[in-house]
Amino acid sequence: MRLPPPVPLLLGLLFLQSVLRPLWGDLVFMPPVIRMSGPEVSASLVGGTEDVTVSLTQLRDEMGFLPVPDCGVLSNETGDWSLTVSPTVNSLEVTVRLKRGLPSCLSNETDPFPEAPCIVQTLLVSASRHSSCLAHLLVQVEIYANSSLAQNASENVTVIPNQVYQPLGPCPCNLTAGACDIRCCCDQECSSDLTALFRESCFPGVFGGDVNPPFDQLCSVQMARGVPEWFPFLCVQLANSPFLGYFYHGSVSSGQHASFDMYLHTDLKDFSDFGYKQGDPVMTVDKAYFTIPQVSLAGQCMQNAPVAFLQNFDVQCVTSLEAYPERDRITNVKVKNGTMGGIVTPKVIYEEATDLDRFITNTETLLSTGSAPRNVNVEEHYIFRWNNNTISEINVKIIRAEINAHQKGIMTQRFTVKFLSYNSGNEKELSGNPGYQLGKPVRALNTNRMNNVTTLHLWQSAGRGLCISATFKPILFGENAISGCLLEVGINENCTQLRENAVELLGSLIQVTHVAMRGNSNYDNLSDGWLEIIRADAPDAGADPPVSNASGICLDVPAQLNIRILFSDAGAVEGMTQQEILGVETRFSSVTWQFQCGLTCEDEANLFPISASVQFIKIPAQLPRPLTRFQINFTEYNCNRNEVCWPQLLYPLTQYYQGEPYSQCVGKSLLLASFVVLAVFLSNPWSGIRKAWNSATT
């Protein structure tokens, strides 16, 4: 913005004054002119400062002329401005402040250019002695509404992330604080109107904000750049799509976060006719949510919680039999499949519960024995089959129990929902691609025998919490947990048998020998990232135990299993951090068991608690090895510093490609090679050679 005509002349005179007058020993402001862009500026008054008075005046441009300064009227406050004078060594420090806050300085929302300055004024600070002006300080004020100087500086310690996995500056072209940088489309301080002026000329590459570019082997990236004609035969296309069932919102992806705002009236939003997206509620034809009981963040069981598309869960709800809610028959519900007019009817099968003690506890005396029995659902398992963004099939298995109509007690119900691809069979589900995703089961296998154990487990107690009725739940990646159960022990219990039972129960949680490093390690290839479990202090049930002479006391009884899993960041795929397991250790802890007696020791069963815990320990990422002098000087075979990378010529067949198992890569490559050979034999040169050969033989 250009200054009014009188101002440049006044600036020149003040500058000449500031150069000459200190040589004569007179009063002078240093500097004599200040361009103010924040709420506060300071200057020094040097020279003979005894009996000097400093005043502040706001200059107003009248008819193109600035008024003559008047030092007879002294004031330290002028409208929105205040003046503070602090004595220092051989000088005075003069500070001019804006009294009102800058938030009230915001520009009009209808202004098409909100970056224009909202405060433009000229202030004059005068130093006088006995009403005689001795020195002047000219302050030209131009304060913008979005000035970063108006914000309070944060005193938080800045945490610099590891540059290998997370960029330090997400927008390198943002060079000016509090203002819009031209051609910097990632600058958050640029309004939409300004960005529209240079959107077609944004800075490309890392400087323009593309700090996580895809790697060079991607087909979609290379098709937009100048590449050789043979490149499409060797490029790779990643397919981490939620529609493939391999990838879900993890800790580093931007999922939709739940809002904690409370609304009194909520209208149902139904967009299912145009296809579901991950996290969208499943809708019915009655314009209502398809609901299944779920557990809230507060631990309460919500009976009418909507089911979200492509989000699995496994919950337990505890309810009283007296307050058991009768749910509508699932066979009468018709679910929208994600297309216009498409309907899916759930297929339901029923099974009878065999052990009611696992589900119903604290059973009281029946009020009436002549009433007809009733059925209650103790478990409901839902399997949704999806195809792209639609639901193709819903299978439901309900396990019910028959109880008396007036029976009292506490019932534990289980509800599970799993989304599977429409063409998936009995193949094992991945826990990530390639790194583990938070909340996915830790993959494991047993090489000593053929069984269906594919993960580590913890107990999931039910009923009275006894070990004989406890079920298993998988250990989920990144989630520390502890579980336990109760073992019935008598006063005349054989200590050797007690140790064997405890070892067998604890060992049932870790019936595996290896754990997968990655979430997509192949079960059929032991060399595809499988780690052997380290078993420290494993108890030997056949060893001779210490002898105890006292009855009801057993020494060194295994009572706790500790599982420690080490993991680390192993890199990034398209800007998303990938985590892998580096080691697994199991360790047993033993205690001395003693039968607990009351007033008298009767031959009644005591409860011996055993527990298992899992702890995930993150270790710092392993930095790459430093380059040798040969690698630094000779870059002919360095793929990161050359456009042509000969070591990765056949990229899908090299060790650098981990998108698919090696056997599949070889098979697809041989199939591609056969097509190439067939095309060569059918081409014109070979046709001419074949004709010449046939004519020569005839």
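Quick caveat, the model's predicted, so the values are computed rather than measured.

J.: How should the sheet that holds strand 29 (residues 606-618) be read in this particular structure?
T.: In a beta sheet, neighbouring strands are held together by backbone hydrogen bonds and run either parallel or antiparallel to one another. Strand order in the open sheet formed by 5 strands is 23-29-27-28-26, with mixed pairing between adjacent strands. The strands lining the two open edges of the sheet, one partner per strand, are strand 23 (481-489) and strand 26 (534-536). For this sheet, the mean inter-axis angle between neighbouring strands, taken without regard to orientation, is 20°. In the packing of helix 4 (residues 495-507) onto the sheet, contacts are made with strand 23, strand 27 (553-573), strand 28 (576-594) and strand 29, and the angle to strand 27 comes to roughly 15°.

J.: Looking at this structure, I do not really get the sheet that holds strand 25 (residues 530-532). What am I missing?
T.: One open sheet holds the 3 strands; their spatial order is 20-24-25, and the pairing between them is antiparallel. Edge positions in the sheet fall to strand 20 (444-445) and strand 25, since each has one partner strand and no second. Pairing of strand 24 (residues 514-516) with strand 25, which is carried by 3 bridges, proceeds in the antiparallel orientation. For valine 515, the partnering residue across the bridge sits in strand 25 and is leucine 531.

J.: When you look at the packing of aromatic side chains in this model, what are you seeing that I'm missing?
T.: Following the criterion strictly, the structure yields 12 aromatic pairs and no others. Centre to centre, the rings of phenylalanine 477 and phenylalanine 567 are 5.3 Å apart; their planes meet at 70°, and the pair counts as edge-to-face. Of this pair, phenylalanine 477 sits in the loop between strand 22 (471-474) and strand 23 while phenylalanine 567 sits in strand 27, and the two are 90 residues apart along the sequence. Pairing phenylalanine 477 with phenylalanine 616 gives two aromatic rings, centres 5.6 Å apart and planes at 75°, and the pair type is edge-to-face. In this pair, phenylalanine 477 is assigned in the loop between strand 22 and strand 23 and phenylalanine 616 in strand 29, connecting sequence segments 139 residues apart. A relative accessible area of 9% means that phenylalanine 616 is categorised as buried. Chaining the aromatic ring pairs together yields one cluster made of Tyr276, Phe290, Phe309, Tyr382, Phe384 and Phe419.

J.: Looking at this structure, I do not really get the state of the cysteines. What am I missing?
T.: Note on terminology: a disulfide is the covalent bond linking the sulfur atoms of two cysteines. Enumeration according to the criterion identifies 7 disulfides in this entry. Between the sulfur atoms of cysteine 185 and its disulfide mate cysteine 202 the distance is 1.6 Å. On the sign convention where negative means left-handed, the S-S torsion of about -60° between cysteine 185 and cysteine 202 marks this disulfide as left-handed. Within this pair, whereas cysteine 185 is found in the loop between strand 9 (132-144) and helix 2 (192-197), its partner cysteine 202 is found in the loop between helix 2 and helix 3 (219-222), the two being separated by 17 residues in sequence.

Procedures and definitions
- Residues numbered from 1 in each chain as written.
- Predicted model: local features only at pLDDT ≥ 70, side-chain atom pairs only at ≥ 80, totals over all residues.
- Heavy atoms only, no water.
- Pairing = 2+ DSSP bridges.
- Helix = DSSP H or I, 4+ residues; strand = E, 2+ residues; numbered from the N terminus.
- Axes fitted to C-alpha atoms, helices over the stretch in contact; angles between N-to-C directions.
- Contact = heavy atoms within 4.5 Å.
- Phe/Tyr/Trp six-rings, centres within 6.5 Å; stacked < 30°, edge-to-face > 60°.
- Buried < 20%, exposed > 50% of the residue type's maximum accessible area, 1.4 Å probe, protein only.
- Disulfide = S-S within 2.5 Å.

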